[in-house]
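Notes for the structure review
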Amino acid sequence: MTGFAYRIENGAAQAIDVRQAVSDKARLVWVHLETNDAVAQGWLRDDAHLSHYVVDALTATETRPRCEAMGEGAFLNLRGRSSEPLDSSDLLASVRIWAVKGRVYSVTRRPLIAVDAVRQCVERGEVQDPGDLISAFATAITSDLDPDVAGLGDDLDDCEEQLDEHRVFQLRRTVSRVRVAAIAYRRFLNPQRAALEKLAALPGDWLADDDRLHLSAAADRAARMAEELESIRERSALIHETLTDMRAEQIDNRALVISIVAMVFLPLTFITGLYGMNVKNLPYAEEPWSFDAILGACALIAAGIVIYFVQRHWFRR
C-alpha cells in the first residue's frame, strides 16, 4: 500500500505515517492512497473503520464524477489529467474523496497531476479544514485541465488556417485527434460540474462559506470548459466535412483527367487496331503514304477532341 498522510494543526502541516493517521487527533488529517488493491481496501475497512459502501466507492475500478452526501460526510469523485499516458477512450484519471469533519481520505489508481499541487498547498499552510482541501483539489484539477482544453481549440484554429487540398491527410489526423480528446474530456466535465455544484450546496459546518465560493468557481470553470469542448467538437466535425469534400474533389479531378485521356485515345485505339489486323484487302494498306495519312488522321482526331473539351471547360484553369 503506497500513499502519504498529513496532520494539519493551526495552519502547520506535518507529514506522518499513514498508519498513524487513524489515531491522530489534529484539526485535519489527510490520508491519500495511491492504489485501490486489496491491501488498501482492508486498511480502509479495518483500520480506518470506514463503512463498506464508502470503501467500495473509494476503491471502485470504473467511476464517473459524482457527489453524494453520506451522514455527516460526503463522497466526491473528480477527474483530472494524469502524468502517465492513458487510453484514448479514458483520458482523465480519477480521484475519490471521502470527507468528514476533521478527516479526508483520498484514493487514486493512476498518478494525478493535481495531487502534487494540492500537496504543495497543504505544505504552504493554505489548507485549514476539509473544505479547503476539497476546494484545492477542484481548483488544481480545473487549472491543470484548462490549458489543455485551450490547446485543443488552438490546434483547430491552426487547422482552419492551413486548410489546403495538398495537406488533407495530415489535417485529418490532427482533427481526429482533437475530436477524440474533446469527446473524452466532455464526457467527464459535465458530470464534474454537477458534482461540484451539488457539493457546494450541501449542508454541513465542515464547509465554510469561502469553500463554497471556491467550489462554485471551480464548477463554473468546468462548465465553461464543457461549453468550449462542445464548440470544439462541432468545429472539428465541420472541418472534417470540409476535408472530406476536398478529398472528394481531388478524386473527381483525377477521375476527370483519366476520363479525358481515355476519350482522346479511344478512337485512336480503334483506328490503329483496325489497321493492325492481320488480314488482306485493307483499304490503302499497300499505298506508301497510308502510314502518314493514318498518323495525321489520328493527330487531327486527338486535337479535335481536346479542343472540344477545352470549349466545354472541362480543363481547370
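What this report covers is the structure whose coordinates are included nearby. (Residues numbered from 1 in each chain as written. Predicted model: local features only at pLDDT ≥ 70, side-chain atom pairs only at ≥ 80, totals over all residues. Heavy atoms only, no water.)

Our next topic: the packing of aromatic side chains. According to the stated counting rule, one finds six aromatic pairs in the structure shown. Relative to Trp30, the ring of Phe4 lies with its centre 5.2 Å away and its plane at 90°, an arrangement referred to as edge-to-face. Taken as a pair, Phe4 in strand S1 (residues 3-9) and Trp30 in strand S3 (residues 28-33) lie far apart in primary sequence, 26 residues in all. Both residues of the pair, Phe4 and Trp30, count as buried. Ring-pair connections join several aromatic residues into one group, and the members of that group are Phe4, Tyr6, Trp30 and Phe137. Geometry around Phe188 places Arg79 over its ring, the cationic atom sitting 4.2 Å from the centre. Lying over the aromatic face of Phe4, Arg119 brings its terminal NZ or CZ to 3.9 Å of the ring centre. (Phe/Tyr/Trp six-rings, centres within 6.5 Å; stacked < 30°, edge-to-face > 60°. Helix = DSSP H or I, 4+ residues; strand = E, 2+ residues; numbered from the N terminus. Buried < 20%, exposed > 50% of the residue type's maximum accessible area, 1.4 Å probe, protein only. Lys NZ or Arg CZ within 6 Å of the ring centre and 35° of its normal.)

This part covers the packing of helix H4 (residues 130-161) against helix H6 (residues 209-275). Geometry of a packed helix pair, given as the angle between the helix axes and the separation of the axes. Remark: H4 packs on H6, axes separated minimally by 9 Å, with the N-to-C direction vectors making an angle of 20°. Considered as vectors, H4 and H6 are oriented roughly parallel to each other. Seen along the crossing, H4 lies across H6 with a hand that is left-handed. Here the contact of H4 with H6 is composed, by residue class, of 12 nonpolar, eight polar and 10 charged. (Axes fitted to C-alpha atoms, helices over the stretch in contact; angles between N-to-C directions. Parallel < 35°, antiparallel > 145°, perpendicular 65-115°, else oblique. Left-handed = near helix turned anticlockwise from the far one by under 90°. Nonpolar A, V, L, I, M, F, W, Y, C, P; charged D, E, K, R; others polar.)

The next subject is the side chain of Thr63. Relative to the helices and strands, Thr63 resides in the loop between helix H2 (52-59) and strand S4 (66-70). Separated by 3.4 Å, the side chains of Thr63 and Asn77 make a polar contact. When neighbours within four sequence positions are excluded, Thr63 is seen to be in contact with Asn77, Arg79, Ser94, Arg96 and Phe188. (Polar contact = N/O pair within 3.5 Å; in protein donor to acceptor, adjacent residues only side chain to side chain. Contact = heavy atoms within 4.5 Å.)

With that settled, the discussion passes to a nonpolar patch on the surface. Residues Phe270, Leu274, Tyr275, Met277, Val279, Tyr284 and Trp289 make up a contiguous nonpolar surface patch of roughly 730 Å² in combined accessible area. One can find Phe270 in helix H6. (Patch = residues over 30% accessible without salt bridge, like charges linked within 9 Å, V, L, I, M, F, W, Y side chains within 5 Å. Areas by Shrake-Rupley, 256 points an atom, 1.4 Å probe, with all protein chains shown as cover. Salt bridge = Lys/Arg side-chain N within 4 Å of Asp/Glu carboxyl O.)

Residue classification places Phe270 among the exposed positions, given a relative accessible area of 57%. As for Phe270 and Thr35, which are separated by 235 residues in sequence, their C-alpha atoms are 78 Å apart.

A few words on the nonpolar core. Grouped together as the largest cluster of nonpolar side chains are 38 residues, with contacts concentrated most on Trp30, Leu76, Leu133, Ile134, Phe137, Leu199 and Leu215. If you list the elements that add at least two residues to this core, you get S1, S3, strand S5 (73-81), strand S6 (92-100), helix H3 (113-123), H4, helix H5 (168-200) and H6. Here this core takes seven residues from H4, the largest share from any one element. Non-local contacts of Leu133, meaning those with residues more than four positions away in its chain, are made with Trp30, Val104, Val118, Val122 and Val127. (Core = buried A, V, L, I, M, F, W, Y, C linked by side-chain atoms within 4.5 Å.)

With that settled, the discussion passes to the sheet that holds strand S2 (residues 12-16). If you walk across this open sheet you meet the seven strands as S2-S1-S3-S7-S6-S5-S4, and the pairing is mixed. One side of each edge strand has no neighbouring strand; the edge strands of this open sheet are S2 and S4. Between one strand axis and the next, the sheet turns through 20° on average, direction left out of account. Relative to S2, S1 runs antiparallel, the two being bridged by five bridges. (Pairing = 2+ DSSP bridges.)

Bringing a negative patch on the surface into the picture now. There is a patch of like negative charges on the surface, built from Asp154, Asp158, Glu161 and Glu228. When residues of the negative patch are assigned to their parent elements, the largest contribution, three residues, is made by H4. Of note, Glu161 is situated in helix H4. Using a relative accessible area of 67% as the deciding quantity, one classes Glu161 as exposed. (Lys, Arg positive; Asp, Glu negative; His and termini not counted. Charge placed at Lys NZ, Arg CZ, Asp CG, Glu CD.)

Moving on to the pattern of salt bridges. Taken as a whole, this structure holds 14 salt bridges when the rule is applied. Here Glu230 ties to Arg186 by a salt bridge, and the two come within 2.7 Å at their closest N and O atoms. Placement of the pair is Glu230 in helix H6 and Arg186 in helix H5, with a sequence separation of 44 residues. Judged by relative accessible area, Glu230 falls into the buried class, the value being 18%.

These results come straight from atomic positions and should not be treated as a statement about function.
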